[in-house]
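This is what each chain is made of:
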Amino acid sequence: MPEEGLYVRIGACFLQMRRSAHEWSLHHHYAGDPLDPTVDIHTGQDAAADDLGRTSIVATSAAGAETSLLGIAPPGDEQMLRAVVNATSEVIELVPRLANRSVVARPQRPLRLPAGQTAHLYVGTPLWVAVRVPGGPEMLELPLIVPTETWFGPSPVEGELCYSARTRAVSSLDEVPGLTTRALTRVTLINRASDAMDLERLRLPVPRLRLAWDDAIGRFVTDELELRREEDGKTANVEIKSLPAGLTVTTPPREVTRRSWSHALSALWA
Amino acid sequence: MREIVDQLKEWVLGIGWSSMLRAAIFVLVGLFFARLAAGVMGRMFGGRVDKQQTMLLRRLAFYPILLLSITAALREVGFDMSVFLGAAGLFTVALGFASQTSASNLISGLFLIGERSFVVGDFIEVGGVTGEVLSIDLLSAKVRTFDNLYVRIPNETLVKSNVTNLSRFPIRRLDLVLRVGYRSDLSTIRALLLDVIANEPRVLDEPKPLFFAQEFEPTGVRLQFSVWCRREIFFDVRATLQAEIRKRFNEEGVESPAARWTMDGTPPV
């Protein structure tokens, strides 16, 4: 049986999936601008290799005869996984997922929330993709943008390992860039304390959120979050609100927990 | 002397086959139940306590049962335990002197387990030995070094000397010491190093990296560049950064430290 291939590009992530009778061969690499919104899906029979053995893909698009070159992995940068199965299927599923750790969003410019005010912010967090056979086992999971790791806590002894994401933390949906590699979370910040709250970092517990595709805005969105700073100024209440009405859940949360809880304020933002 | 040997011979020959068989059954059954009890203890507490405590609990269940079965087996073959216990008092004094080191190690072992400064599975550094703790036993701790050697470290040594636990905290600081020539601009080097780590997602965004001049040496400036990363990937990140920094220094033409001498050709007056 000749090798059939599916070639997917989502932003800067290039994923090639080839199948033979009993084996999936999954290659991926990252190249180009992570903010690139391009999404390409092609099928093909062959992958050409250059003199150095680098695989470029001369693939035929689903539409017909168009031939395109989908990214060449620099030698050594490509990662490959062979998944040996009972029998490969014609259908393969790419499942979008939220990050597997909390994400610390840092507004590009410091943000101040005066006493008694409420703000609605849109924060983007990186997406992961899982490759699996429908109803079958998962073969691979990878981030669409390789996120930078960070530590969130009062000291190097106490805290949590998270991913770091720069965000513009805009208050209007029109200002949010249309990125395919990120999920959008609407965060409501309520400051009930008597003094202003400066926001430099905000930890979003994304493994606890659900993910859905919002056709109206053409983006992946998550459950909304409400973070309330209480009158004492030291504790914060977090509540996971539901998804916007009419959306169906694409991916359930990685961690199933309570939908509201209290934290020391320092455990959520700084 | 001959009489004692004769008596012993008589005693051994006097043991009937049936007694020997019963004794062997006692030992085997005891061994079976001891292993069973150890397994049950391991399963009961396995999820709740750490590996070291599980191992200790297993032993606490295993050895008393084994000891009881051996005692029963000895009684079965006619060995009088009361004689042995009476002699034990005399032996204790002699043993006390002979086993000072062992006793010290034994007590140190209890302190080590109680103090929990490291547990089985941690990576520790002690007296020039770095490796993974395989077990903390009554007399010594067993460590597997990175080059796969088995090192036995007496508990007394562990209590007396400085022990560094490399696995205690989830993140570690990686200190890189770099030397550059006096003609190098430190702000340019700082920007270059920050650019190198910006392309390495495994380097933590926070805590922030550190950059400063450690010392002005005769040949150049000794710099320290410190970044944080997860402890599991510490060595990998160090190797990657060292290679990348060297590559970038070469590309950007950063001057290496070199001794400079000024020759004064003016004739003495």
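Quick caveat: nothing in here was measured; it's all calculated off a predicted structure.

K.L.:
How should I be thinking about a nonpolar patch on the surface in this particular structure?
P.N.:
All names here are of chain B. There is a patch of nonpolar side chains on the surface, built from Leu21, Ile25, Val29, Phe32, Phe33, Leu36, Val40 and Met44 and spanning about 740 Å² of accessible area. On the secondary structure map, Ile25 appears in helix α2 (residues 17-45). Ile25 sits in the partly exposed class, given a relative accessible area of 46%.

K.L.:
I keep staring at helix α7 (residues 186-198) of chain B and nothing clicks. Help me out?
P.N.:
Every α-helix winds through 3.6 residues per turn, so residues three or four apart in the chain are directed the same way. All names here are of chain B. With 13 residues, α7 ought to run about 18 Å at 1.5 Å a step, and its terminal C-alpha atoms sit 18 Å apart, in line with that. Among the residues making up α7, those that are buried are Ile189, Leu192, Leu193, Val196 and Ile197. Down the axis of α7, the smallest arc covering the buried residues is 135°, so these residues share one side. Against the buried residues of α7 lie β6 (171-180), β7 (210-216), β8 (221-230) and α8 (234-252).

K.L.:
Could you clarify how one ought to interpret the sheet that holds strand β15 (residues 148-152) of chain A in this entry?
P.N.:
In sheet architecture, strand pairing relies on hydrogen bonds along the backbone and comes in two forms, parallel and antiparallel. All names here are of chain A. Spatially, the four strands line up as an open sheet ordered β15-β16-β11-β19, and their pairing is mixed. Single-partner strands in this sheet number two, and they are β15 and β19 (202-204). Taking each pair of neighbouring strands and ignoring which way they run, the sheet shows an average axis angle of 45°. In this sheet, β19 lies alongside strand β11 (residues 103-107) in antiparallel orientation, the contact comprising three bridges. If you follow Val103 over to β19, its bridge partner there is Leu204.

K.L.:
Sorry, what's going on with the pattern of salt bridges here?
P.N.:
A pair can form between side chains of opposite charge whenever their charged atoms are brought close. Going through the model one piece at a time under the given rule, you end up with 34 salt bridges over all chains. The closest approach of N and O atoms between Arg186(A) and Glu224(A), which form a salt bridge, is 3.5 Å. Of the two residues, Arg186(A) is situated in strand β17 (residues 182-191) and Glu224(A) in the loop between β21 (219-222) and β22 (225-229); the sequence distance between them amounts to 38 residues. With a relative accessible area of 25%, Arg186(A) lands in the partly exposed category. Relative accessible area serves as the criterion here: at 19%, Glu224(A) is assigned to the buried category. In this structure, the salt-bridge partner of Glu244(B) is Lys247(B), at a minimum N-O distance of 4.0 Å. Taken as a pair, Glu244(B) and Lys247(B) lie in helix α8 at a separation of three residues, close to a single helical turn. Through salt bridges with shared partners, a single network forms among Arg192(A), Glu226(A), Arg228(A), Glu230(A), Glu239(A) and Lys241(A).

K.L.:
Quick question: what am I supposed to make of the interface of chain B and chain A here?
P.N.:
Much of the literature gives interface size as the accessible area that the parts lose upon coming together. Taken together, the contact between chain B and chain A spans 14 residues of the former and 13 residues of the latter. For the pair chain B and chain A, the summed buried surface comes to about 1200 Å²; carbon and sulfur atoms form 59% of the total. Here chain B is connected to chain A by three salt bridges. Taking the shortest distance from any N to any O, the salt bridge between Glu206(B) and Arg106(A) comes out at 2.2 Å. At the boundary of chain B with chain A, the tally comes to eight residue pairs in polar contact (both at pLDDT 80 or more).

K.L.:
Can you help me understand the domain arrangement of chain A in this one?
P.N.:
Residues and elements named next belong to chain A. For chain A, the assigned domains are domain 1 (4-90) and domain 2 (99-126 + 144-267). Taken together, the contact between domain 1 and domain 2 spans 10 residues of the former and seven residues of the latter. In total, domain 1 and domain 2 occlude about 650 Å² of area from one another, counting both sides; carbon and sulfur atoms represent 72% of this. The largest per-residue losses of area from domain 1 upon contact with domain 2 belong to Ile10, Tyr30 and Pro34, which jointly make up 53% of the total buried on that side.

K.L.:
What's the story with helix α3 (residues 51-76) of chain B in this structure? I'm lost.
P.N.:
Residue and element names in this part refer to chain B. In this model, α3 (26 residues) spans 38 Å end to end at C-alpha, consistent with the 38 Å of a helix rising 1.5 Å per residue. Among all positions of α3, only Gln52, Thr54, Ala61, Phe62, Leu66, Ser69 and Ala73 are buried. If you follow the buried residues of α3, they end up packed against α2, α5 (100-115) and β2 (129-136). Backbone geometry just downstream of α3 places Gly78 in the positive-phi region, at approximately 90°.

About the criteria used
- Residues numbered from 1 in each chain as written.
- Chains lettered and ligands numbered in written order.
- Predicted model: local features only at pLDDT ≥ 70, side-chain atom pairs only at ≥ 80, totals over all residues.
- Heavy atoms only, no water.
- Patch = residues over 30% accessible without salt bridge, like charges linked within 9 Å, V, L, I, M, F, W, Y side chains within 5 Å.
- Areas by Shrake-Rupley, 256 points an atom, 1.4 Å probe, with all protein chains shown as cover.
- Salt bridge = Lys/Arg side-chain N within 4 Å of Asp/Glu carboxyl O.
- Helix = DSSP H or I, 4+ residues; strand = E, 2+ residues; numbered from the N terminus.
- Buried < 20%, exposed > 50% of the residue type's maximum accessible area, 1.4 Å probe, protein only.
- Expected span 1.5 Å × (residues − 1).
- Arc of directions from axis to C-beta.
- Contact = heavy atoms within 4.5 Å.
- Pairing = 2+ DSSP bridges.
- Axes fitted to C-alpha atoms, helices over the stretch in contact; angles between N-to-C directions.
- Buried area = accessible area lost by both parts, 1.4 Å probe.
- Polar contact = N/O pair within 3.5 Å; in protein donor to acceptor, adjacent residues only side chain to side chain.
- Domains from an automatic or database assignment.

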